[in-house]
Amino acid sequence: MHRPIRARRAPTPRGLLAGFAAAALGLFVNNASAAKPNFQMPFACNQTWYGDTYPGHGLRYAVDLNHKPRPLSDGDLGSPVVASAGGKATTYNPHPGTGYGKLVVIDHGGGWTTWYAHLDSIAIANGANVNQGQKIGTLGKTTRPGNSISAHLHYEQRLNNDDQKIVWNGSTIVYDQYEVAYKSRNSCGTSPGGVAGTVRTAGSPLNVRSGPGTTYSIVGSRANGASVSIRCQKAGESISGTYGTSNIWNNIAPAGSNQYIPDAYTYTGSDGRVAPDC
């Protein structure tokens, strides 16, 4: 079967990429590896994405991801990309001299890292600690000058800078096939899916509402400095608070119930969305 051609970065020998990872990115190889994190797809709960894997890809076990099957287009441009597991992020905006473009690398400890390349935008600060399911950027098509690619997410899992077969939710993905559909289980449910947040006000308690706005009934309150778990987020009334003006409201209740607080009064480490839509 003939497939439409997507412009991709030229294949690079694995040994060269390993050297690039250790030297150019400044990541240190740790020979003492820990247990593999419970990696999830880099997209919000219940979203379906299509993966392409093939011999000759820059790294043998990398996968390219699009939200829709072919024909490929830039329709996925700007789609939220989230962390596969918690860890410390290093950002490159873009990374010089490579085809990765805007890149986020998350160090999960024990030698494990995940790589998110060709991003259109980056939503976290360099060195930030991120939670599983937290938005880290948006899908794009950034690459080296003079190269042209369609919008997609290039994704890798590495151990001690050596690429590994990708595992999501305990299952290894299918290799050497195009358009394989995968459904995300990232941040589904209440544990461990909630994204950590902290209530920050001028000192007064923050009202918890039954919906995303001040016209909804008050169903509780959270003290200044209280930790919350953000299950999902919803657009609603625009509120000005500690962290500027935002129409994002955070649902801090278990699945099946609604308890909303304004994102403008919630510290999450990001100025954008960090959890799936409610």
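Now for a quick tour of the structure. Just so it is clear, the structure is predicted and the values come from calculations on it, not from any experiment.

Considerations on the packing of aromatic side chains
Summed over the entire model, instances satisfying the criterion amount to nine aromatic pairs. Ring centres of Y116 and Y155 lie 5.5 Å apart, and the angle between their planes is 70°; this geometry places the pair in the edge-to-face category. Of this pair, Y116 sits in strand β6 (residues 112-119) while Y155 is found in strand β10 (residues 153-159), placing the two residues 39 residues apart along the sequence. Here the aromatic rings of Y243 and Y267 are separated by 6.0 Å at their centres, their planes lie at 50°, and the arrangement is tilted. Of this pair, Y243 sits in the loop between β19 (232-241) and β20 (244-251) while Y267 sits in strand β22 (residues 266-267), and the two are 24 residues apart along the sequence. The exposure class of Y243 is partly exposed, given its relative accessible area of 38%. On the accessibility criterion, Y267 (45% relative accessible area) is partly exposed.

Observations regarding the state of the cysteines
By the definition in use, this model includes one disulfide. A disulfide bridge connects C232 with C278, and the sulfur atoms are separated by 2.0 Å. The chirality of the disulfide connecting C232 with C278 is right-handed, given an S-S dihedral of about 100°. Within this pair, whereas C232 is found in strand β19, its partner C278 is found in the segment after β22, the two being separated by 46 residues in sequence. Judged by its relative accessible area of 3%, C232 is buried.

Rules behind the numbers
- Residues numbered from 1 in each chain as written.
- Predicted model: local features only at pLDDT ≥ 70, side-chain atom pairs only at ≥ 80, totals over all residues.
- Heavy atoms only, no water.
- Phe/Tyr/Trp six-rings, centres within 6.5 Å; stacked < 30°, edge-to-face > 60°.
- Helix = DSSP H or I, 4+ residues; strand = E, 2+ residues; numbered from the N terminus.
- Buried < 20%, exposed > 50% of the residue type's maximum accessible area, 1.4 Å probe, protein only.
- Disulfide = S-S within 2.5 Å.

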